[in-house]
Amino acid sequence: MSDLFSEAQALFDYTRGIRRDLHRHPELGFEEVRTAGIVASELRGMGIEVTTGLAKTGVVALMEGARPGPVLLLRFDMDALPIMEETGAVYASQTPGKMHACGHDGHVAVGLTVARLLGIHRADMAGTVKIMFQPAEEGLGGAEGMIEAGVLENPAPKYSLALHLWNEQPVGWLGVGPGPVMAGAEIFKVRLTGKGGHGAMPHQSIDPVVAAAQLITALQTIVARNVSPLEASVISVTQIQGGDAFNVIPPSVTFQGTIRTFDAGVRQITIERFRQVVHGVAGAMGCQAEIDLRLLTPAVVNDAYMAEKVQNAARTYLPEFKIEPAYRTMGSEDMAYVMQKIPGCYFFVGSANGEKGLMYGHHHPRFDFDESVLPRAAALMAGTVIDLLR
Ligand SMILES: [Zn+2]
Ligand SMILES: [Zn+2]
């Protein structure tokens, strides 16, 4: 066991205590008042300079090393989800309808543990560590809010780092490599307008339900027939609404969903064809189509130098880790906005344990992870920082 990992293990009770307390008291995006209060008071207790209230509930800590050097940004997200918890854990949510079902309680606990580990090694560090505890990662714009609040200035970071505990893989697995690792995501809403009428006399109507059925099927041909089979693209229609009665053809149907891509060219083809297919099929069916398509997050693209630094830190401090350098997921992350400006590395730390029943996916009501991942994730993050600022 490396020294840094032993130090993280020695803090395990602290880390787990923070995680379980936050898990009992989940807070949704931009409402992380209690969570941010704990983060700020823990950091102040370590003698660290803290700024609060960025993007409502964000907290930023600044740790100076013993000597001058580059500024590194570490990011941890704090928000829970509107899900009714079904884990039955002793530390289960005490707020019905809210749950830490993505593991951000673990991220905060890891972040505070990293601060404590770096405190031990401050004398070896040439540079400054800026630790950003961010609100509202789950599609609400927390990272953009923190950027607007100035988190990337005074001092401006040279590099950035972020992680996700990852229940798709077991403890001991690490997904880290260069290039795109999480997809860019858009949200689309489509309204098809026809002409309503009696369900028994369809020839007197323009039926938007039949048009929507044709269209949703046709949209799948974009991925199958317009995007190269060697590239990745997803179009998912996830919600559809129209009509109130069995015998009435409704005047309009709306549906919405998401597009996911890694590559800018693939994204452009997918969106271009999406618009053509929607308007073309709607027109062929005699309907009008309105499209509202907007960017949720760009792709998360890892800097090659930073990805190598994380891989090397894993080999040094957690040699038993199995590293998967080509891992990618079609999930999305608002850390992408930070990494568009500050080169960095986003990595995935396997957190599942099937034998303990801790393998439900992120956002599942029974999601929970193996807490033994916490000191590992903290040692890896702290080790990467120490190596970068040596
Ligand atoms: Zn999530
Ligand atoms: Zn998450």
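That block above? That's the structure.
Right, let's walk through the structure included here. As the structure is a prediction and not an experimental result, all values here were calculated from the model. (Residues numbered from 1 in each chain as written. Chains lettered and ligands numbered in written order. Predicted model: local features only at pLDDT ≥ 70, side-chain atom pairs only at ≥ 80, totals over all residues. Heavy atoms only, no water.)

## Some details on the overall build of the chain
Reasoning step 1: Scanning the chain from N- to C-terminus turns up ten helices and 16 strands.
Reasoning step 2: For the chain, the C-alpha radius of gyration of 23 Å lies close to 21 Å, the compact-globule estimate for 390 residues.
Reasoning step 3: With the C-alpha coordinates aligned to their principal axes, the bounding extent of the chain is approximately 80 × 45 × 40 Å.
Reasoning step 4: Intrachain contacts of the chain at a sequence separation of at least 6 include 81% that bridge at least 24 residues.
Reasoning step 5: Within the structure as shown, the chain displays about 16100 Å² of accessible surface, and the carbon and sulfur contribution to it stands at 52%.
Reasoning step 6: Computed over 32 positive and 41 negative side-chain charges, the inter-centroid distance for the chain is 1 Å. (Helix = DSSP H or I, 4+ residues; strand = E, 2+ residues; numbered from the N terminus. Rg over C-alpha atoms; globule rule 2.2 N^0.38 Å. Contact = heavy atoms within 4.5 Å. Areas by Shrake-Rupley, 256 points an atom, 1.4 Å probe, with all protein chains shown as cover. Lys, Arg positive; Asp, Glu negative; His and termini not counted. Charge placed at Lys NZ, Arg CZ, Asp CG, Glu CD.)

## Re the coordination of the zinc ion (ligand 2)
Reasoning step 1: With distances of 2.1 to 2.3 Å, the protein atoms coordinating the zinc ion (ligand 2) are Cys102 (SG), His104 (NE2) and His164 (NE2).
Reasoning step 2: Each donor residue of the zinc ion (ligand 2) belongs to the same chain, and together they define the spacing C-x1-H-x59-H.
Reasoning step 3: Between the two metals, the zinc ion (ligand 2) and the zinc ion (ligand 1), the spacing is 3.2 Å, and Cys102 donates to both. Residue Cys102 is located in the loop between β3 (67-77) and α4 (104-120), and its partner His164 is located in strand β5 (residues 159-170); the two are separated by 62 residues in the primary sequence. (Donors = N, O, S within 2.8 Å, 3.2 Å for Na, K, Ca; no water.)

## Focus: the pairing of strand β16 (residues 344-352)
Reasoning step 1: Of all nine residues making up β16, nine are buried, and the element is well covered by its neighbours.
Reasoning step 2: Neither face of β16 is left uncovered, since the one carrying Gly344, Tyr346, Phe348, Gly350 and Ala352 and the one carrying Cys345, Phe347, Val349 and Ser351 both have all their residues buried.
Reasoning step 3: Pairing between β5 and β16: eight bridges, direction parallel. Directly across from Leu165, in β16, lies its bridge partner Val349.
Reasoning step 4: Note that strand β6 (residues 173-175) and β16 share two bridges and pair antiparallel. (Buried < 20%, exposed > 50% of the residue type's maximum accessible area, 1.4 Å probe, protein only. Pairing = 2+ DSSP bridges.)

## Some thoughts on the packing of helix α3 (residues 33-45) against α4
Reasoning step 1: Put simply, α3 and α4 touch, their axes get as near as 10 Å, and they point 10° apart. One finds that α3 runs roughly parallel with respect to α4. Within the contact between the two elements, α3 uses Thr35, Val39, Glu42 and Leu43 and α4 uses Val108, Leu112 and Ala115.
Reasoning step 2: Tallied by class, the residues present in the contact of α3 with α4 amount to five nonpolar, one polar and one charged. (Axes fitted to C-alpha atoms, helices over the stretch in contact; angles between N-to-C directions. Parallel < 35°, antiparallel > 145°, perpendicular 65-115°, else oblique. Nonpolar A, V, L, I, M, F, W, Y, C, P; charged D, E, K, R; others polar.)

## Things to note about the packing of aromatic side chains
Reasoning step 1: Taken as a whole, this structure holds nine aromatic pairs when the rule is applied.
Reasoning step 2: Of the aromatic side chains, those joined through ring pairs into one cluster are Trp166, Trp173, Tyr327, Tyr346 and Phe348.
Reasoning step 3: Seen from the ring of Phe30, Lys56 lies directly overhead, with NZ or CZ sitting 5.4 Å from the centre.
Reasoning step 4: Here Arg328 stacks its cationic end above the ring of Phe262, 4.2 Å away from the centre of that ring. (Phe/Tyr/Trp six-rings, centres within 6.5 Å; stacked < 30°, edge-to-face > 60°. Lys NZ or Arg CZ within 6 Å of the ring centre and 35° of its normal.)

## A few points about the coordination of the zinc ion (ligand 1)
Reasoning step 1: Around the zinc ion (ligand 1), the protein contributes the donor atoms Cys102 (SG), Glu138 (OE), Glu138 (OE) and His363 (NE2), at 2.0 to 2.7 Å from the metal centre.
Reasoning step 2: Metal-centred angles of 53 to 150° between the four donor atoms at the zinc ion (ligand 1) mark the site as irregular.
Reasoning step 3: Spacing between the donor residues of the zinc ion (ligand 1) along the chain follows C-x35-E-x224-H.
Reasoning step 4: Residue Cys102 is classed as buried on the basis of its relative accessible area of 7%. (Tetrahedral: all angles 85-135°; square planar, octahedral: opposite > 155°, others 65-115°.)

## Here we look at the layout of surface pockets
Reasoning step 1: If you add up the space inside the largest pocket, you get close to 510 Å³.
Reasoning step 2: Taken together, the elements giving at least two residues each to the lining of the largest pocket come down to β5 and β13 (288-297).
Reasoning step 3: Take the lining of the largest pocket: its biggest share by element is four residues, from β13.
Reasoning step 4: When grouped by side-chain class, the residues that make up the lining of the largest pocket number eight nonpolar, ten polar and eight charged. (1 Å grid on protein atoms, 1.4 Å probe; cavity = no way out; pocket = protein on both sides within 12 Å on 5 of 7 lines; lining within 4 Å. Points joined across faces, edges and corners; volume = space filled by probe spheres on them.)

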